[in-house]
Amino acid sequence: RMTRLRARLASSGALGKALLSVFARGDLKASDWEDIEDTLLSADLGLEATDQIMEALRTEVKVSGNNDSERIREVLRQELLKLVDLNADRELHLEPGEAEDGQKQAAAALVVGVNGVGKTTSVGKLARILVAEGNQVVLGAADTFRAAAADQLQTWGERVGVEVVRSDKEGADPASVAFDAVKHGLETQADVVLVDTAGRLHTKGALMDELGKIRRVMERGTQIKETLLVLDATTGQNGMAQAKVFAEVTNVTGIILTKLDGSAKGGIVVSVQKALGVPVKLVGLGEGADDMAPFDPESFVDSIIA
Ligand code: GDP
């Protein structure tokens, strides 16, 4: 997994290389420290994390100088590991439960995010992972605003070998499709129901109403155990502002960070976790069905500073 992440990340090793080239300049002047700061900020680490890393690097240079690139790299590595947070719970909690009548109750997951971030693709890839782990999965196409969205999910369903519950009516109530998906999951004794939602950029109030209604109807049949927010790593700080709105209106339990294969700015992992207070659980590493992996902090940090 580590080599795959390293190979796929557009920034493979870039942050480490860029920083070490500044440290190699010899006596560090104020302008060199500014270059170090710029390098950290341009990796999308965010201001707070950048300050924290700068502080640790300044201390290291004060104590041991800047001739030993291995030590500098190690300080950077340790700071990034702290920032990424090794203790965060990155498991997907999608074990089925038991209904009052003793029947198996599928665990439900809601997948939310702005259009174009890779939501439908992520639902397909996640279904594939869950199926590979032995789960019976049902997909719900609750993005009813674009007819193409349900077709796209259907294609994923066929590819991965899982059933897709959808409405033939464009503009149907997304909550009613989500309800039908949960119902079908219960009837077929499925393990997991994954619901893809619409990602229109509405007002905050409208988004809250729509997701709130979807949640309420789904929870009549089962428990929503995960709400996964999909975020496109290539959109940087802009994408983050939109992501924050989702986190404010619904109880997000994990982040799926997509298109990490096309981003030179791996630091987004740190800034998004800080901004939303939610761990990155999965990363998207390409357009193919197998291009998703659980987020592994250590291999991630190694891959950006290698
Ligand atoms: P949605 O509108 O959020 O449902 O987004 P889609 O699932 O339709 O994805 C939008 C585009 O992003 C498609 O062309 C996907 O193939 C592409 N995509 C999704 N995830 C990834 C990823 O991890 N890496 C890359 N390179 N492309 C991705």
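Note: the structure precedes this text.
Procedures and definitions
- Residues numbered from 1 in each chain as written.
- Predicted model: local features only at pLDDT ≥ 70, side-chain atom pairs only at ≥ 80, totals over all residues.
- Heavy atoms only, no water.
- Salt bridge = Lys/Arg side-chain N within 4 Å of Asp/Glu carboxyl O.
- Helix = DSSP H or I, 4+ residues; strand = E, 2+ residues; numbered from the N terminus.
- Buried < 20%, exposed > 50% of the residue type's maximum accessible area, 1.4 Å probe, protein only.
- Phe/Tyr/Trp six-rings, centres within 6.5 Å; stacked < 30°, edge-to-face > 60°.
- Lys NZ or Arg CZ within 6 Å of the ring centre and 35° of its normal.
- Polar contact = N/O pair within 3.5 Å; in protein donor to acceptor, adjacent residues only side chain to side chain.
- Contact = heavy atoms within 4.5 Å.
- Near = heavy atom within 4 Å.
- Nonpolar A, V, L, I, M, F, W, Y, C, P; charged D, E, K, R; others polar.
- Core = buried A, V, L, I, M, F, W, Y, C linked by side-chain atoms within 4.5 Å.
- Pairing = 2+ DSSP bridges.
- Axes fitted to C-alpha atoms, helices over the stretch in contact; angles between N-to-C directions.
- Parallel < 35°, antiparallel > 145°, perpendicular 65-115°, else oblique.
- Left-handed = near helix turned anticlockwise from the far one by under 90°.

Caption draft 1: Representation of the pattern of salt bridges. Evaluation of the coordinates by the stated rule reveals 18 salt bridges. Between K213 and D173 there is a salt bridge whose closest N-O contact spans 2.7 Å. Of this pair, K213 sits in helix α9 (residues 204-218) while D173 is found in the loop between β5 (163-165) and α8 (174-187), placing the two residues 40 residues apart along the sequence. Of the charged contacts, one joins K183 and E187 as a salt bridge, the two residues approaching to 3.9 Å between their closest N and O atoms. Here E187 and K183 lie together in helix α8, a separation of four residues that amounts to about one turn. K183 gets classed as partly exposed once you look at its relative accessible area, which sits at 41%. By relative accessible area, which is 54% here, E187 ends up exposed. Overlapping salt bridges, with partners in common, bring together E74, R77, E298 and D302 in one network.

Caption draft 2: How the structure looks around the packing of aromatic side chains. With the rule as written, the count across this model stands at two aromatic pairs. Between F23 and W33 the ring centres are 5.9 Å apart and the planes differ by 85°, which places this aromatic pair in the edge-to-face class. A residue pair is termed long-range when its members are at least 10 positions apart, and F23 in helix α2 (residues 14-23) and W33 in helix α3 (residues 30-42) qualify at ten residues. A relative accessible area of 3% means that F23 is categorised as buried. You can call W33 buried: its relative accessible area is 9%. When the ring centre of W33 is taken as reference, the NZ or CZ atom of R58 above it lies at 4.6 Å. The ring of W156 carries the charged tip of R159 above its face, separated from the ring centre by 4.3 Å.

Caption draft 3: Highlighting helix α11 (residues 268-276). Taken across its nine residues, α11 has seven buried, putting it largely inside the fold. Within the sequence span of α11, burial applies to I268, V269, V270, S271, V272, Q273 and L276. A positive phi of about 65° marks G277, the residue just after α11.

Caption draft 4: Representation of the side chain of R77 in the model. Here R77 lies in helix α5 (residues 69-84). At a separation of 3.0 Å, a polar atom in the side chain of R77 contacts the side chain of D302. Apart from residues lying up to four places away in sequence, R77 is in contact with E298, V301, D302 and I305.

Caption draft 5: Main features of the site of the ligand. In the vicinity of the ligand there are 18 residues, among which G116, K119, T121, D261 and E287 approach most closely. The backbone of G118 places a nitrogen or oxygen atom 3.0 Å from an oxygen atom of the ligand. Backbone polar atom of G286 to a nitrogen atom of the ligand: 3.3 Å apart, as the coordinates give it. The element contributing the most residues to the shell around the ligand is helix α6 (residues 119-132), with four residues. Residues belonging to the shell around the ligand are distributed by class as follows: three nonpolar, nine polar and six charged.

Caption draft 6: Focus on the nonpolar core. In terms of nonpolar packing, the biggest core is built from 97 residues, with I36 and L194 touching the most fellow members. Take this core: its biggest share by element is seven residues, from α5.

Caption draft 7: Structural detail: the pairing of strand β6 (residues 192-197). Summarising burial for β6: six of the six residues are buried, a large majority. Of the two faces of β6, both are covered, the one formed by V192, L194 and D196 as well as the one formed by V193, V195 and T197. Where strand β3 (residues 107-112) lies against β6, five bridges are found, and the strand directions are parallel. The residue bridging A108 from the neighbouring strand is V193, located in β6. The pairing of strand β4 (residues 137-142) with β6 spans six bridges and is parallel. What sits directly across from L139, in β6, is L194.

Caption draft 8: Spotlight on the packing of α2 against α5. Contact geometry of α2 with α5 gives a least axis separation of 10 Å together with a crossing angle of 135°. The orientation of α2 relative to α5 falls into the category oblique. α5 is crossed by α2, and the crossing has right-handed handedness. Contact residues: L15, G16, L19, L20 and F23 in α2; S69, I72, R73, L76 and L80 in α5. The residue makeup of the contact of α2 with α5, split by class, is seven nonpolar, two polar and one charged.

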